[in-house]
Amino acid sequence: MDQIKTGKLIASLRKEKGLTQMMLADCLGISDKTISKWERGAGLPDVSLMLPLSEALEISVNELLTGEKLTDADYKKKAEVE
């Protein structure tokens, strides 16, 4: 997992949804400082937060892990490589 890439995806999707860091943090039951840390690439979400975060951002956990939105074709291609 690329922390920087994942952080940029989280920030981008959060902003697309019109959410502040505080709003997303409240949804997940964590602090806004934690969201900021992820978005800066200084850390990654805990495994227990992967599913709730991906649901809040309306992406799959796989997209969250790769740090990019994936089409079905992209997903199959990545699955074959890794």
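Since the structure is predicted, the reported quantities are computational estimates derived from the model, not experimental observations.

S.K.: Looking at this structure, I do not really get a nonpolar patch on the surface. What am I missing?
M.R.: Together, M1, L44 and L65 make up a nonpolar patch on the protein surface, roughly 240 Å² of accessible area in all. Here L65 shows up in helix α5 (residues 61–66).

S.K.: Help me understand the confidence of the model for the protein, please; the structure alone is not making it clear to me.
M.R.: Detailed reading of the predicted model is not advised wherever pLDDT is low. In the predicted model, the protein carries a mean pLDDT of 91, and 87% of its residues have values of at least 70. Here helix α6 (residues 72–81) stands out as the least confident element of the protein, with mean pLDDT 63; helix α2 (residues 21–28) is the most confident, with 98.

S.K.: Can you walk me through the nonpolar core in this structure?
M.R.: Generally speaking, soluble globular proteins have nonpolar side chains that are buried together. I10, L24, W38, L53 and L57 are the most contacted members of the largest nonpolar core, which totals 15 residues. When contributions to this core are tallied by element, the ones reaching two or more residues are α1 (3–16), α2, α3 (32–40) and α4 (47–57). It is α4 that provides the largest number of residues to this core, a total of 5 residues. Here I10 is in contact with L24, W38, E39, P45, L53, L57 and L64, once residues within four sequence places are set aside.

Calculation criteria
- Residues numbered from 1 in each chain as written.
- Predicted model: local features only at pLDDT ≥ 70, side-chain atom pairs only at ≥ 80, totals over all residues.
- Heavy atoms only, no water.
- Patch = residues over 30% accessible without salt bridge, like charges linked within 9 Å, V, L, I, M, F, W, Y side chains within 5 Å.
- Areas by Shrake-Rupley, 256 points an atom, 1.4 Å probe, with all protein chains shown as cover.
- Salt bridge = Lys/Arg side-chain N within 4 Å of Asp/Glu carboxyl O.
- Helix = DSSP H or I, 4+ residues; strand = E, 2+ residues; numbered from the N terminus.
- pLDDT = per-residue confidence, 0-100.
- Core = buried A, V, L, I, M, F, W, Y, C linked by side-chain atoms within 4.5 Å.
- Buried < 20%, exposed > 50% of the residue type's maximum accessible area, 1.4 Å probe, protein only.
- Contact = heavy atoms within 4.5 Å.

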